[in-house]
Amino acid sequence: MKKYFKQIFKLFLPLFIARIGMFSLSLVDSIMLGYSDSDHVGMQSIGDTPVSIILLMLNGLLQGTLFTTSHAFGKNDFIAVGQSLRSALTNGLFLSLITIPCLIFAPQIISLLNYDPKQIQIVSSITRILCATIPFSIMFFICTSFLNGIKKTWIVTVFTILANIINLFLNWILINGLFGFPRLLSIGAACSTSVVRFFMGGGLLLYVLLNPKFKKFQIWNSNSNNNMIKKQQKLGLSATSNMISYEIGAAFCLFYAANISITDASAYTLSYRIFILSNIVGSCFAIAGTILSGKYSNNNLELRKIYQTSIFANILIMFSFCTVCFLVSSYISSLMTSDVNLSKLTSSLLQITCIAMLMRSLNSIQIILLRNIDCLLIPSLIYNFCFICLTPLLCFWLGSSFSTSGIMWSLTISNACVVIFLHYIFMKKNII
């Protein structure tokens with residue numbers, strides 16, 4: 001494992017900074033809303049959830065870009081690298097456009113939930129504002145996968161840092177109503193997010209298409225590789241199944257918390273913002289392992305070393321982080337909101353969240369590394385069962401007895417079950 005430890009962390013660092021930058025965009029929204037009006041934290045999260053699920057679905061369908069690009073780049077097949085990006089861009093544009101009309105009916109969908117008319121109006125407005133960003137978000141995801149696959153990871157990091165500066169400035173103006181703008185609160189946060197997504201998706205796409213350094217990939221070439229397209233689609237369908245099943249479970253937890261009270265939904269949202277870090281760390285180590293293994297696709301011994309190093313590094317980082325987070329949960333919650341009751345409730349949830357984070361980071365890295373060796377069906381079935389079936393059942397059972405704490409425990413247990421099942425698959429594949 002020593003052979004790849006330094007290489008894994010060298011790739012992990014820019015990936016992690018970029019992912020943290022993406023994470024901080026939504027975290028800043030929640031924190032600034034938490035200081036302005038705590039109820040709007042929950043409403044912003046609920047309004048964003050339908051768009052997030054669609055984005056995850058589309059991102060999943062196109063996630064094969066990372067694997068096909070890294071494998072082609074590892075073999076120095078630059079024409080195939082360009083074909084990988086070109087087919088992903090074409091499919092991404094088509095898929096993103098056909099989903100937008102689905103969100104025209106956002107008010108009708110939101111009205112089915114148990115909220116008052118004013119909350120329904122605000123949540124529906126947030127959903128509609130964010131739906132306009134879908135094509136740009138998808139272009140950003142595709143270009144990110146392409147650049148990561150060719151080991152140009154720092155480019156995405158720079159764009160993400162710039163996006164955070166823009167988001168912070170726009171949130172400050174639009175949430176609070178400065179410089180003549182009305183006080184828009186959660187709708188202002190949605191407007192800020194939209195501008196940022198336009199910048200990230202459009203800017204990164206132009207950079208990739210117009211950069212003379214990428215001419216060797218012949219991105220503008222009209223030829224297509226049917227085998228590569230089919231592989232992208234197969235990997236994408238598997239990734240989408242995994243992502244959607246998980247998000248269904250997580251969304252169920254949010255809506256169940258909202259039915260208890262909007263304060264509980266806000267506390268769950270703030271805790272979940274921290275919880276997302278686990279997926280970020282796990283997926284970054286998995287992507288680093290995928291990039292590094294591009295030229296070893298037929299060498300099981302080297303793949304085993306890379307995968308073991310990736311998982312060990314993930315455990316090392318996440319165990320340390322979760323321990324610190326558990327010990328200072330009260331301090332973290334106080335930073336996220338000025339509402340004393342909301343801070344107290346969030347603090348208790350964060351301690352449970354720390355356990356859930358370790359489990360989530362492990363299954364995040366497991367599922368991506370299994371996908372890299374085309375092990376797709378059984379891991380997808382495990383994800384579907386644990387997050388679509390097990391999580392809601394646990395949520396009803398534990399949530400009715402322990403309120404929001406029970407909801408977080410249900411997420412913890414279901415993630416732990418996935419870790420156990422996927423570890424067994426790794427053992428059967430003789431990789432761990």
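Quick look at the structure, then.

### Observations regarding a nonpolar patch on the surface
A grouping of Leu13, Ile17, Trp154, Val158, Ile161, Leu162 and Ile165 is seen on the molecular surface, where their side chains present a nonpolar patch of about 630 Å² in accessible area. Looking at the nonpolar patch, the elements that each hand over two or more residues are helix 1 (2-36) and helix 8 (153-176). Counting residues per element, the nonpolar patch draws most heavily on helix 8, at 5 residues. Inspection of the secondary structure puts leucine 13 in helix 1.

### Some words on the packing of aromatic side chains
Both the distance between ring centres and the angle between the ring planes are used here to describe each pair of aromatic rings. In the structure shown here, the tally under the stated rule is 24 aromatic pairs. Aromatic rings pair up to connect Phe73, Phe78, Phe146, Phe159, Phe199, Tyr207, Phe214 and Phe217 into one cluster. The lysine or arginine in question, arginine 360, covers the ring of tyrosine 246, its NZ or CZ lying 3.7 Å from the ring centre.

### Re the packing of helix 3 (residues 64-74) against helix 7 (residues 134-149)
The contact between helix 3 and helix 7 brings their axes to 8 Å, and the two run at 25 degrees. Classified by the angle their axes make, helix 3 and helix 7 are roughly parallel. Read as a crossing pair, helix 3 and helix 7 show a hand that is right-handed. Together, Thr65, Leu66, Thr69, Ser70 and Phe73 of helix 3 and Ile142, Ser145, Phe146, Asn148 and Gly149 of helix 7 make up the contact between the two elements. The class makeup of the residues in the contact of helix 3 with helix 7 is 4 nonpolar, 6 polar and no charged.

### Here we look at the nonpolar core
Counting residues in each nonpolar core, the largest one holds 125 residues, and the members touching the most others are Phe146, Leu147, Phe214 and Tyr268. The dominant element in this core, judged by the number of residues it contributes, is helix 11 (residues 262-292), at 18 residues. Contact partners of phenylalanine 214, with chain neighbours within four places excluded, come to Phe146, Leu147, Ile150, Ile155, Tyr207, Val208 and Ile219.

### Quick look at the environment of tyrosine 307
Assignment of secondary structure puts tyrosine 307 in helix 12 (residues 300-327). The class of tyrosine 307 is buried, set by a relative accessible area of 0%. Residues tyrosine 307 and glycine 289 lie 18 residues apart in sequence; the distance between their C-alpha atoms is 6.3 Å.

### Examining the environment of phenylalanine 326
Checked against the element boundaries, phenylalanine 326 lands in helix 12. Taking the C-alpha atoms as reference, phenylalanine 326 lies 42 Å from leucine 89; in sequence the two are 237 residues apart. Excluding residues that lie within four positions of it along the chain, phenylalanine 326 makes contacts with Gln351 and Cys354.

### Some points on the side chain of serine 414
Among the secondary structure elements, serine 414 is positioned in helix 15 (residues 377-428). Note on serine 414: relative accessible area 0%, which makes it buried. Here threonine 391 takes part through its side chain, which lies 3.0 Å from a polar atom of the side chain of serine 414. A distance of 3.0 Å separates a polar side-chain atom of serine 414 from the backbone oxygen of serine 410.

What counts, and where the lines are drawn
Residues numbered from 1 in each chain as written. Predicted model: local features only at pLDDT ≥ 70, side-chain atom pairs only at ≥ 80, totals over all residues. Heavy atoms only, no water. Patch = residues over 30% accessible without salt bridge, like charges linked within 9 Å, V, L, I, M, F, W, Y side chains within 5 Å. Areas by Shrake-Rupley, 256 points an atom, 1.4 Å probe, with all protein chains shown as cover. Salt bridge = Lys/Arg side-chain N within 4 Å of Asp/Glu carboxyl O. Helix = DSSP H or I, 4+ residues; strand = E, 2+ residues; numbered from the N terminus. Phe/Tyr/Trp six-rings, centres within 6.5 Å; stacked < 30°, edge-to-face > 60°. Lys NZ or Arg CZ within 6 Å of the ring centre and 35° of its normal. Axes fitted to C-alpha atoms, helices over the stretch in contact; angles between N-to-C directions. Parallel < 35°, antiparallel > 145°, perpendicular 65-115°, else oblique. Left-handed = near helix turned anticlockwise from the far one by under 90°. Contact = heavy atoms within 4.5 Å. Nonpolar A, V, L, I, M, F, W, Y, C, P; charged D, E, K, R; others polar. Core = buried A, V, L, I, M, F, W, Y, C linked by side-chain atoms within 4.5 Å. Buried < 20%, exposed > 50% of the residue type's maximum accessible area, 1.4 Å probe, protein only. Polar contact = N/O pair within 3.5 Å; in protein donor to acceptor, adjacent residues only side chain to side chain.

So, to be careful, I would describe these as geometric facts and stop short of saying anything about function.
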